[in-house]
Amino acid sequence: MIPFLKEVANDLIARFGSELKDIAIIFNNKRPEMYMKKYLAELIGKPIWSPSFFTVQQFFNNAFVEREADKLTQILTLYQCYNAIQQRIDGKTMSIERFYPMAEIILNDFAQLDYDLVEPNEVYTELYDIALIEKQFPHFSEEQLSFMAQFWSTFNSEKHSYIQDRFIELWKTLPLLYTDFHQALKERGLATNSQFYRSFAKGDETSPSYIYQFKQLVFVGFNALNKAEALLFKKWQKAKRALFYFDVDRYYLDDVQQEAGAFLRRNLNSHGLLHALGAPFNQLADRNQNIKIVQTTSYTAQAKLLDSFLVDKKSTDAISQGLTAVLLADERLLIPTLQSIPVSIETNITMGFPISQSPIYGIVDLWLRIQERYLQQKSDLIYYKDVEIFLSHPLIHTPDPIKEQVQQLIYTNHYINVPLVELQAVSRTSFFDKRTDGRYLIKNLQEIIREIFQIRKEKELLTYPDAAIFTEVFKILNQLYDALSTLPSLSVEFTISLIRKSLQGITAAIEGDPLSGVQVMGLLETRNLDFKEIYILGVNEGILPKTSSSATFIPDSIRRAHGLPVLENQEALSAYLFYRLMQRAEQITLVYNGHVDENSSGEISRFVKQLQFESHFNFIELKQQQIIKTNEAPPAMEIKKVNEIGKILQSYLNRDNSLRPGISATAFTTFLQSPLLFFLKYVAKIKEPQLLTEDFEANRIGSIIHEIMQWFYEELKRVSPHITAQRIKDQLSRLDHLCLKATAKDFYGNPAYFDINSPSSTEKIVLEIVKEYAQIFIHHDLKNTPFTIIELENKQDYVIDFPITVDGKESSVKLYGIIDRVDEKDGKIRIVDYKTGSDALDYTDIDSLFDPSSGKFNKALLQTLFYTYIYEKKTGKIGVEPNLYVARRLRQEGSLFYTKSRGSKFLLSEASLSSFKEAFELRLRQVLEDLFNQQIPFKHDPRINLPYNDHYQEFFRSGVDQDIEIESEY
């Protein structure tokens with residue numbers, strides 16, 4: 001394979017020899033320059049004075065003393081000119097917020113008019129009938145006139161819609177706006193790049209002697225020429241000042257049906273430019289090597305295949321010499337591509353890195369999002385996930401103690417929205433400060449980015465790509481600040497949107513060594529370059545070529561009439577970029593996404609289908625398939641009760657230790673459901689990570705209800721423990737207030753929070769739910785009045801020593817319970833437990849009650865019986881009745897547990913309750929003796945589905961023994 005640029009280098013040496021220093025070599029982009037220098041040096045083999053190298057834009061711009069205006073300066077200048085015109089016409093002006101989206105389209109249209117030397121007045125004309133158009137443009141061909149007629153026929157002057165009227169009004173303004181805009185830039189010593197082209201073509205360059213310092217102008221690898229370039233190239237060729245080297249193949253040049261040769265046929269035939277290398281070769285027609293086509297099953301899988309493509313090639317000559325390229329037809333694949341190339345292979349990104357995909361943009365976007373929320377909410381609250389993102393962001397080095405304090409603040413108070421004042425009290429960072437002035441918003445952001453940059457630099461964490469991205473961000477923000485400072489006023493909302501828009505479309509130049517390693521680039525960057533091995537990703541129809549063009553105010557028919565670029569031009573350029581890669585590459589792999597969804601047709605590009613039909617290449621089609629492996633179920637994990645674990649269990653049985661741990665009702669039912677889960681929670685004491693959910697779970701609703709019911713009856717009990725129907729009815733007036741207090745306490749850790757702040761829409765829904773549940777409980781109590789409250793939420797007194805036998809020795813374990821409510825009704829003491837979940841009142845028998853795998857396990861009944869047992873043993877009272885207030889069942893089923901037999905319902909009370917308590921005590925002792933039996937390991941029964949959705953499940957899924965270090969607290 002002889003690369004195109006090496007052929008050009010050979011010819012230049014033959015033509016100019018030692019006079020290479022007197023020529024200017026011009027490319028359509030900067031990347032080929034290093035390759036050309038390499039080939040010249042290799043072929044000459046001795047030191048020489050180098051030719052001058054330029055991109056075509058640099059070359060044209062150097063012919064002028066004016067500077068090129070940056071994009072934002074152009075937009076603001078255009079805005080000022082537009083408002084000045086409107087002020088003269090009707091006295092009305094437009095805000096920058098409304099004008100900005102229009103400005104980008106107008107500037108793009110102006111640029112195309114300049115590049116193709118089209119007069120604005122010919123395009124932006126008023127509505128004329130066809131006869132007037134024919135009269136005004138007698139030089140138009142019949143085809144051009146038919147395009148004009150096609151467009152104007154859709155506009156009937158007698159039935160203009162509002163949108164058409166606005167469109168025509170804009171068209172009337174644009175010719176004058178074009179003139180005023182360019183004049184305003186000129187007065188400041190500025191111009192657009194496209195204006196340089198127009199002026200150069202007209203002979204109005206302000207440094208006319210510039211090009212005469214070179215004996216010869218050499219234009220290499222050009223394809224699609226605009227009219228300004230074509231005019232100048234023909235002029236310079238006629239004056240024998242220019243040579244042209246086209247990277248062309250007769251395969252698509254000679255066949256007029258081949259869109260890949262459309263521009264080259266125009267250059268060589270219509271414009272009469274001469275190909276310096278002589279008659280082109282017909283390489284594509286003679287090639288018959290293999291081309292692999294790989295269909296993947298997902299979008300990112302295209303990039304993931306690179307590991308298998310490249311893993312065995314890290315030491316090949318093609319890679320070491322920079323002749324292996326990963327080419328992205330879809331440039332959105334850049335990040336997955338960089339993550340997929342084996343780390344052992346040197347990789348060079350020779351394309352712009354999108355700032356919007358960098359961690360730095362993540363910080364910028366987070367800061368802007370926080371400022372937006374301040375504006376939307378009109379309050380100083382920060383969404384808790386934004387705080388968490390800030391704390392965990394890789395560019396923010398928040399000290400661990402500060403992280404822990406902030407997280408504790410959020411989770412302790414259940415803050416979905418964190419008050420700014422409280423956050424600032426914990427974290428001294430200015431990142432969350434509220435900004436209210438659009439003018440200084442950019443300045444504030446610059447300070448934040450500069451601080452992050454400085455910290456990373458001091459810590460020696462600044463990589464080359466990071467530095468390039470930081471530099472580009474600083475540059476854009478500086479341009480924004482300088483340009484916007486001229487405006488009299490600027491809203492925060494618009495400034496935020498402008499910052500985002502300015503950064504999202506920008507790429508940072510991150511260029512490695514293009515002469516070694518795997519080159520990663522887009523198709524446009526491949527112009528003039530050749531590789532031995534190429535892997536093209538994203539070869540899908542709709543991507544190669546693209547099926548959409550940029551927004552414009554110039555309709556398609558008018559564009560065709562004036563020879564302006566249309567969608568077919570874009571397709572022809574894509575076809576050329578694709579076909580020329582096939583000319584010299586020795587190994588070609590094409591990858592496309594075969595998955596059909598809203599973003600992908602699942603079809604390979606038609607360019608590939610054309611090659612399959614026309615060429616002699618041998619296509620090998622492959623399909624990427626995910627390997628599905630099925631593994632045997634791992635053995636159940638078990639923890640033996642030895643060493644430190646045995647000591648911790650022994651501490652439960654040590655009567656001499658006043659601080660010995662005890663078994664609660666929850667711990668007891670947890671052990672029944674899963675001994676392994678009991679170990680994790682109560683022996684290893686592995687805590688669940690604190691999680692904050694925006695969807696309010698039943699346990700949170702339950703905790704609010706418990707608080708409401710406790711306060712409701714505490715207020716009554718302070719006056720008298722004797723509860724009557726009338727006293728409950730009078731107290732109901734306090735329910736709304738109690739619901740507000742309890743909800744505020746659960747959400748914000750402050751019962752008085754809603755005295756100052758109004759509940760959000762979500763909080764209002766929760767308030768309605770808890771109020772409804774509380775009313776269900778209270779109305780049930782109304783039907784059972786009078787009764788006497790004995791105790792509410794006693795957290796201290798109900799502790800007993802329960803005798804058990806462990807390893808043949810008499811011992812005891814401490815049991816304790818926190819009972820929601822103890823009351824007395826008709827001489828009968830009741831234990832009342834409130835439930836808001838899906839708990840049931842029915843049971844089958846004592847055996848199924850203690851068997852979680854039976855399907856009849858009733859956790860609520862076990863816990864209520866546990867409380868009842870402790871209460872009776874502690875007080876010496878008997879006949880205490882367990883009652884369960886289940887909000888969803890209370891109205892239909894009451895509060896007593898029951899069993900069914902032959903269609904009849906039998907309540908758990910009186911004699912049946914007494915015998916059930918005896919059976920419960922026996923089973924309780926058996927369970928506890930198993931718990932402390934050293935021969936029975938902690939193990940989970942896989943048949944039992946746990947009602948937990950937390951990180952403990954990781955232990956159950958692992959299925960292997962794990963080394964868990966236990967530090968005794970006793």
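Basis of the calculations
- Residues numbered from 1 in each chain as written.
- Predicted model: local features only at pLDDT ≥ 70, side-chain atom pairs only at ≥ 80, totals over all residues.
- Heavy atoms only, no water.
- Helix = DSSP H or I, 4+ residues; strand = E, 2+ residues; numbered from the N terminus.
- Rg over C-alpha atoms; globule rule 2.2 N^0.38 Å.
- Contact = heavy atoms within 4.5 Å.
- Lys, Arg positive; Asp, Glu negative; His and termini not counted.
- Charge placed at Lys NZ, Arg CZ, Asp CG, Glu CD.
- Pairing = 2+ DSSP bridges.
- Axes fitted to C-alpha atoms, helices over the stretch in contact; angles between N-to-C directions.
- Expected span 1.5 Å × (residues − 1).
- Buried < 20%, exposed > 50% of the residue type's maximum accessible area, 1.4 Å probe, protein only.
- pLDDT = per-residue confidence, 0-100.
- Polar contact = N/O pair within 3.5 Å; in protein donor to acceptor, adjacent residues only side chain to side chain.
- Core = buried A, V, L, I, M, F, W, Y, C linked by side-chain atoms within 4.5 Å.
- Salt bridge = Lys/Arg side-chain N within 4 Å of Asp/Glu carboxyl O.
- Phe/Tyr/Trp six-rings, centres within 6.5 Å; stacked < 30°, edge-to-face > 60°.
- Lys NZ or Arg CZ within 6 Å of the ring centre and 35° of its normal.

Draft legend 1. Layout of the overall build of the protein. Assigned secondary structure in the protein consists of 40 helices and 28 strands. For the protein, whose C-alpha radius of gyration is 40 Å, the value lies well above the compact-globule estimate of 30 Å for 970 residues. Seen through its C-alpha atoms, the protein measures out along the principal axes to roughly 120 × 70 × 60 Å. Put simply, 78% of the contacts in the protein that link residues at least 6 apart link residues at least 24 apart. Averaging the coordinates of the 109 positive side-chain charges in the protein and doing the same for the 126 negative ones gives two points 1 Å apart.

Draft legend 2. Quick peek at the sheet that holds strand β1 (residues 23–27). Reading across from one edge, β2-β1-β5-β6 is the order of the four strands in this open sheet, with parallel pairing throughout. Each edge of the open sheet carries a strand with a single partner, namely β2 (52–55) and β6 (242–245). The sheet shows a mean angle of 20° between the axes of neighbouring strands, taken without regard to direction. Two strands pair when backbone bridges link them, and strand β5 (residues 216–220) and β6 are joined in this way by four bridges, in the parallel orientation. If you follow L217 over to β6, its bridge partner there is A242. Contacts between helix α1 (residues 4–16) and the sheet are confined to β1, β5 and β6, with β6 contributing the most and set at about 150° to the helix. Here helix α11 (residues 227–238) sits on the sheet and contacts β5 and β6; the angle it forms with β6, its principal contact strand, is near 120°.

Draft legend 3. Focus on helix α39 (residues 910–932). In this model, α39 (23 residues) spans 33 Å end to end at C-alpha, consistent with the 33 Å of a helix rising 1.5 Å per residue. Taken together, the buried positions of α39 are L913, F916, K917, F920, L924, V927, L928, L931 and F932.

Draft legend 4. Spatial organisation of unusual backbone geometry. Between L544 and P545 the backbone carries a cis peptide bond, its omega angle lying at 0°. You can see P545 is positioned in the loop between β15 (533–537) and α26 (556–562). For the bond running from T785 to P786, omega is -5°, close enough to zero to count as cis. Structurally, P786 is set in the loop between α35 (761–783) and β20 (787–794). Despite not being glycine, K685 has its phi angle at roughly 55°, a positive value.

Draft legend 5. Examining the confidence of the model for the protein more closely. Taken residue by residue, the protein gives an average pLDDT of 86. The fraction at 70 or more is 91%. Mean pLDDT across the secondary structure elements of the protein bottoms out at helix α7 (residues 130–136), with 47, and peaks at β6, with 97. This stretch, residues 126–132, has a pLDDT under 50; its non-local contacts, to residues over four places away or in other chains, come to 11 contacts. Overall, residues 957–970 carries pLDDT values under 50, and its contacts beyond four positions in sequence, including any with other chains, amount to 32 contacts.

Draft legend 6. Seen up close, the side chain of D247. Of note, D247 is situated in the loop between β6 and α12 (250–253). Given a relative accessible area of 1%, D247 falls into the buried group. A polar contact is formed between the side chain of D247 and the side chain of Q583, at a distance of 3.3 Å.

Draft legend 7. Quick peek at the nonpolar core. W236, I536, M582 and Y713 are the most contacted members of the largest nonpolar core, which totals 238 residues. Dropping the residues within four chain positions of it, W236 is found in contact with F59, F60, F200, I211, L217, F219, R241 and A242. In this structure, L653, I663, L672 and I846 belong to the second largest nonpolar core, which totals 60 residues.

Draft legend 8. Expanded view of the sheet that holds strand β7 (residues 290–296). Strands sit in the order β9-β14-β8-β15-β16-β7-β17 across an open sheet of seven strands; the sheet is parallel. Looking at which strands have only one partner, the edges of the open sheet turn out to be β9 (347–349) and β17 (618–623). With direction set aside, neighbouring strand axes in the sheet form an average angle of 20°. Relative to strand β14 (residues 518–522), strand β8 (residues 324–328) runs parallel, the two being bridged by five bridges. From the neighbouring strand, L327 faces β14, where its bridge partner is M521. Running at roughly 135° to β17, helix α28 (residues 606–614) makes contact with β7, β16 (587–593) and β17 of the sheet.

Draft legend 9. Focus on the pattern of salt bridges. Overall, the coordinates contain 46 salt bridges when judged by the stated rule. For E881, the salt bridge is made with K828, and the minimal N-O distance between the two is 3.6 Å. A residue pair is termed long-range when its members are at least 10 positions apart, and E881 in strand β25 (residues 881–886) and K828 in strand β24 (residues 828–835) qualify at 53 residues. Looking at K828, the relative accessible area reads 26%, which means it is partly exposed. With its nearest N and O atoms 3.2 Å apart, the salt bridge here joins R889 to E893. Taking the relative accessible area as the measure of exposure, R889 reaches 26% and is therefore partly exposed. Within this structure, E7, D247, D530, R580 and R584 form a network of salt bridges that share partners.

Draft legend 10. Looking closely at the packing of aromatic side chains. Inspection of the entire model under this criterion finds 62 aromatic pairs. Ring plane angle 5° and centroid distance 6.3 Å describe the contact between F27 and F53, whose orientation is recorded as stacked. Separated by 26 residues along the polypeptide, F27 in strand β1 and F53 in strand β2 bring together distant segments of the chain. Here F27 matches F53 in class, with each residue buried. Judged by centre distance (5.8 Å) and plane angle (75°), the rings of F54 and F214 are edge-to-face. Within this pair, whereas F54 is found in strand β2, its partner F214 is found in the loop between α10 (193–202) and β5, the two being separated by 160 residues in sequence. As far as the burial class goes, F54 and F214 line up, both buried. Geometry around Y481 places K443 over its ring, the cationic atom sitting 4.8 Å from the centre. The ring of W711 carries K741 above its face, with NZ or CZ at 4.5 Å from the centroid.

Draft legend 11. Expanded view of the environment of D466. Following the sequence through the fold, D466 ends up in helix α24 (residues 464–484). Given the relative accessible area of 14%, D466 is considered buried. On a C-alpha basis, the gap between D466 and I510 in space is 9.3 Å, while along the polypeptide they are 44 residues apart. Ignoring anything within four residues of it in the chain, the contact list for D466 reads I360, R456 and L461. Of note is the side chain of D466, whose polar atom sits 3.2 Å from the side chain of T463.

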